[in-house]
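An overview of the molecular structure
Chain by chain, the residues run as shown.
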Amino acid sequence: MTTLEAITYNHRAELERLNERIASQLEGSNTLMDKIVMSLLRTKGKQIRPLMVFLCAGLFGCDNEKALASAVAVELLHNASLIHDDVVDNSPTRRGQPTVNAVWDNHIAVLVGDYFTSSAMQQAISTGDIRIVDVLCNLGRSLSLGEIDQIYNAREHTLTENNYYRIIDYKTASLFVASAEMGCLAAGVDDERLKALSEYALLFGRCFQIRDDIFDYYPSELVGKPTGNDLREGKISLPLLHVLGRTELPGCAEIKALLDTDKLSDEDIERIQAFARDNGGISYAFQVMEDLRVKAYKCLSIFPESANRRELEELIDFTISRQF
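Below or above, wherever it landed, is the structure these notes cover. (Residues numbered from 1 in each chain as written. Predicted model: local features only at pLDDT ≥ 70, side-chain atom pairs only at ≥ 80, totals over all residues. Heavy atoms only, no water.)

This part is about the side chain of Asp-149. Residue position: Asp-149 is located in helix α8 (residues 130–156). Only 3.1 Å separates the side chain of Asp-149 from the side chain of Arg-166, close enough to count as a polar contact. When neighbours within four sequence positions are excluded, Asp-149 is seen to be in contact with Arg-166, Ile-167 and Tyr-170. (Helix = DSSP H or I, 4+ residues; strand = E, 2+ residues; numbered from the N terminus. Polar contact = N/O pair within 3.5 Å; in protein donor to acceptor, adjacent residues only side chain to side chain. Contact = heavy atoms within 4.5 Å.)

Here the focus is unusual backbone geometry. Positive phi, normally seen in glycine, also occurs at Gln-47, with a value near 60 degrees. One can find Gln-47 in the loop between α3 (31–41) and α4 (48–58). The exposure class assigned to Gln-47 is buried, which follows from its relative accessible area of 6%. A positive phi angle, near 55 degrees, is found at Asn-90, a position not held by glycine. (Buried < 20%, exposed > 50% of the residue type's maximum accessible area, 1.4 Å probe, protein only.)

As a further point, take the packing of helix α1 (residues 3–10) against helix α17 (residues 307–321). Across the interface, α1 lies against α17 with an axial gap of 9 Å and an inter-helix angle of 150 degrees. Compared by their axis directions, α1 and α17 come out roughly antiparallel. Handedness of the α1/α17 crossing: left-handed. Between α1, through Thr-3, Leu-4, Ile-7 and Asn-10, and α17, the contact on the second element is made entirely by Glu-311, Glu-314, Leu-315 and Phe-318. Considering only residue class, the contact of α1 with α17 consists of 4 nonpolar, 2 polar and 2 charged. (Axes fitted to C-alpha atoms, helices over the stretch in contact; angles between N-to-C directions. Parallel < 35°, antiparallel > 145°, perpendicular 65-115°, else oblique. Left-handed = near helix turned anticlockwise from the far one by under 90°. Nonpolar A, V, L, I, M, F, W, Y, C, P; charged D, E, K, R; others polar.)

Most of α4 sits inside the fold, with 10 of its 11 residues counted as buried. Looking only at α4, the buried set comprises Ile-48, Arg-49, Pro-50, Leu-51, Met-52, Val-53, Phe-54, Leu-55, Cys-56 and Ala-57. Turning to α4, the residues buried within the fold contact α1, α2 (12–26), α5 (65–89), α9 (161–186), α10 (192–215) and α17.

Laid out in structure tokens, this is it:
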């Protein structure tokens, strides 16, 4: 059993209520929508974001309806963003299954994503806490801005490390930050402790995305899923950004020229991946994650020892160390 599986098991009661509430919220009278929703609910992901809500609320002994509704809201909005991202990226699969746009077309997929977004708002409103609603609304803005930023930078080839962090803060970390803040607010906490958990969640989210990006620099057969897709779309992440900044490296100019071409071949992708691996890009990314982990632990140090604090520490450890 992995660390994440153990934490999930410890919170199986909360997650069971979460999934029951999601199914109930999405239930409707439209046959096609119900068919699509059922197919999506069968392939739910790891649900780390709602787990973050429960862990943060649980730090303060909170396990109430506000926390549940907040967790449902963030999970629904996360899934809405994935549905819309698949349309933008024209992705044929997600989590090993055909995407909504691949099966039913983009028109239907956009509407399904909108349905999830509206359902998320309903759950946030049900808390009766305008601060929770505000967090969810800001999250929706961040997700949209992150996608636009990523598209712009991929097209204009203007990505720097600062821009990279801004994009992953918008697209990935914002979900964890919102989860932590909603968990605190559900527990009636709106002080320095909320700020500490919000900062922890930002650092966690950065680690989560950096670790995910590292996978893209290894062969597909090693990772167990297609890799190099970000590179094909012009999305340059931390391992490659670091080595491209070292202009003295042999072959750096050639790699930059390759990245400026309209279409990369499989051989080009393999060459770029190897360039990042062989010149310290992966080790640099791991060092960055280690620095982030140290800062995240410091954020949690203000809280008394507890099972929830240990699980938050274990969660970032697992995120950094997870294998292919």
